[in-house]
Amino acid sequence: MQIHETIAGLRAALKSAGRIALVPTMGNLHEGHIELMTQARSHADTVVATIFVNRLQFRPGEDFEKYPRTFQADCEKLAAAGVDHLFAPTETEMYPQPQTYHVVPPVEHDATLEGEFRPGHLRGVATVVMKLFNIARPHVALFGKKDYQQLMVIRNMVTDLNLPIEIVGGETVRAADGLALSSRNGYLSTAERAEAPRLNRLLTKVVEAIRTGNADFAGLERQATAELATAGWSPDYVAIRKSLDLQLPSAHESGLVVLAAARLGSTRLIDNLEV
Ligand code: PAF
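Here goes a summary of the coordinates provided. A quick note: this is a predicted structure, and the numbers were derived from the prediction, not measured.

Once that is clear, we can look at the overall build of the chain. Along the backbone of the chain there are 11 helices and nine strands. For 275 residues, the compact-globule formula gives about 19 Å, and the C-alpha radius of gyration of the chain, at 19 Å, lands near that figure. By its C-alpha atoms, the chain is 55 × 40 × 35 Å across when sized along the principal axes. Here the chain, with 275 residues, has 51% of them falling under the buried criterion. A separation of at least 24 residues holds for 72% of the contacts in the chain among residues at least 6 apart in sequence.

Using the criterion set out here, one finds 15 salt bridges in the structure. The closest approach of N and O atoms between R118 and E62, which form a salt bridge, is 2.7 Å. Of this pair, R118 sits in the loop between helix 6 (114-117) and helix 7 (121-136) while E62 sits in the loop between strand 3 (46-51) and helix 3 (71-80), placing them 56 residues apart in sequence. Using a relative accessible area of 27% as the deciding quantity, one classes E62 as partly exposed. Taken together, the shared-partner salt bridges connect E114, D236 and R268 into one network.

This part covers the sheet that holds strand 7 (residues 234-242). With respect to topology, three strands assemble into an open sheet ordered 7-8-9, the strand pairing being antiparallel. Taken across any chain shown, the strands that pair with only one partner, and hence form the sheet edges, are strand 7 and strand 9 (267-274). Averaged over neighbouring strand pairs, the angle between their axes works out to 10° when direction is ignored. Note that strand 7 and strand 8 (residues 256-264) share eight bridges and pair antiparallel. Across the sheet, the residue bridging to S234 is R263, located in strand 8. Sheet contacts for helix 10 (residues 198-211): strand 7, strand 8 and strand 9; angle to strand 9, the most-contacted strand, approximately 25°.

Let's shift gears to a nonpolar patch on the surface. On the surface, M1, I3 and F71 cluster together into a nonpolar patch covering about 250 Å² of accessible area. With respect to the helices, strands and loops of the structure, M1 is situated in the segment before strand 1 (2-4).

The next point concerns the site of the ligand. In the vicinity of the ligand, the contacting residues are P24, T25, M26, N54, Q57, V125, V128, F143 and Q150. Between the ligand and Q57 there is a distance of 2.6 Å, counted from an oxygen atom to a side-chain nitrogen or oxygen. The contact in question runs from an oxygen atom of the ligand to an N or O atom on the side chain of Q150, over 2.7 Å. At the level of elements, strand 2 (20-25) and helix 7 are the ones that each hand at least two residues to the shell around the ligand.

A word on the packing of aromatic side chains. Counted by the stated rule, this structure contains five aromatic pairs. Ring centres of F117 and Y237 lie 5.9 Å apart, and the angle between their planes is 35°; this geometry places the pair in the tilted category. Highlighted residues: F117 in helix 6 and Y237 in strand 7, separated in sequence by 120 residues. Assessed through its relative accessible area of 33%, F117 is described here as partly exposed. With 6.4 Å between their ring centres and 70° between their planes, F133 and F143 make a pair best called edge-to-face. In this pair, F133 is assigned in helix 7 and F143 in strand 5 (residues 140-144), connecting sequence segments 10 residues apart.

This part is about the side chain of Q149. Mapped onto the elements of the fold, Q149 is located in helix 8 (residues 148-160). Not counting residues within four places of it along the chain, the set of residues in contact with Q149 comprises H109, T112, L113, E114, G115, L122 and L246.

An order of 1-4-3-2-5-6 is seen for the six strands of this open sheet, with the pairing classed as parallel. Two strands close off the open sheet at either side, each with one partner strand: strand 1 and strand 6 (166-170). For this sheet, the mean angle separating the axes of adjacent strands, direction not counted, is 25°. As paired elements, strand 1 and strand 4 (residues 85-87) share three bridges and run parallel to each other. Considered in strand 4, the bridge of I3 is made with L86.

On to the layout of surface pockets, then. When its volume is computed, the second largest pocket comes out at roughly 240 Å³. The wall of the second largest pocket is formed by 17 residues, among which I51, F52, V53, R69 and F71 lie closest to the centre.

The exposure class of M1 is partly exposed, given its relative accessible area of 36%. Each C-alpha atom, one on M1 and one on A79, is 5.7 Å from the other, the two residues being 78 residues apart in sequence. Excluding its chain neighbours within four sequence positions, the residues that come into contact with M1 are C75, L78, A79, V83, D84, H85 and L86.

Cut-off values and rules
Residues numbered from 1 in each chain as written. Predicted model: local features only at pLDDT ≥ 70, side-chain atom pairs only at ≥ 80, totals over all residues. Heavy atoms only, no water. Helix = DSSP H or I, 4+ residues; strand = E, 2+ residues; numbered from the N terminus. Rg over C-alpha atoms; globule rule 2.2 N^0.38 Å. Buried < 20%, exposed > 50% of the residue type's maximum accessible area, 1.4 Å probe, protein only. Contact = heavy atoms within 4.5 Å. Salt bridge = Lys/Arg side-chain N within 4 Å of Asp/Glu carboxyl O. Pairing = 2+ DSSP bridges. Axes fitted to C-alpha atoms, helices over the stretch in contact; angles between N-to-C directions. Patch = residues over 30% accessible without salt bridge, like charges linked within 9 Å, V, L, I, M, F, W, Y side chains within 5 Å. Areas by Shrake-Rupley, 256 points an atom, 1.4 Å probe, with all protein chains shown as cover. Near = heavy atom within 4 Å. Polar contact = N/O pair within 3.5 Å; in protein donor to acceptor, adjacent residues only side chain to side chain. Phe/Tyr/Trp six-rings, centres within 6.5 Å; stacked < 30°, edge-to-face > 60°. 1 Å grid on protein atoms, 1.4 Å probe; cavity = no way out; pocket = protein on both sides within 12 Å on 5 of 7 lines; lining within 4 Å. Points joined across faces, edges and corners; volume = space filled by probe spheres on them.

Shown next as structure tokens:
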């Protein structure tokens, strides 16, 4: 695997790369990332992973500084997964001057769910992903479904701005007890880690209720939120939304997804399940 710190270096290496698949990450790689790398291979001749902890998508007071940086271990995992190129730029390479132009999702995508609780997060993601697309010029790019809203925003950005890139969503990879794999799981104490699968269990319960005909979406959201709070979590939201655009569904609508975000101790976890 070739490692590139500069945009010029990556571009030169990709000159005759054929069909390119890009898998952007912030590092601290787990099985979910590796699954995307493996999937990427079936879409392209050349697989490019990126590791860049993007300051632009963190709000002041969030975990940018303490976000786990495990570069050596990540490189070993990527090489073992057969990745051809790793782009791991410095902050000055990506942001030689403060970023002035941004990709701003429309308010209905930007100010709901994650956007409501992490204002500016999604435009930070869209902006860095657009930069990575322009740097690597991939034919296909892969993102995990765990960050469902992020994936929706990227899909819409690509369509709206006519980018010639196929977007592929990878299924969420889970621990045996159902907890969605996430770099932030490492923040959990032993007791919190034992409690954390409750989030997935609750989402499963909501999905089952919808599948068996319960169309009282507001009631289901309220009940799940209350159950989290009773178990000691600080829920941001449990929301039943249309999977295509994450807008509010009407009763008995199909194509739904149940999304949740909640804090367990000081760790904010997110998860979702398609109905
Ligand atoms: O999902 C992530 O790891 C990040 O949001 C991404 C897509 C790499 C952009 O920084």
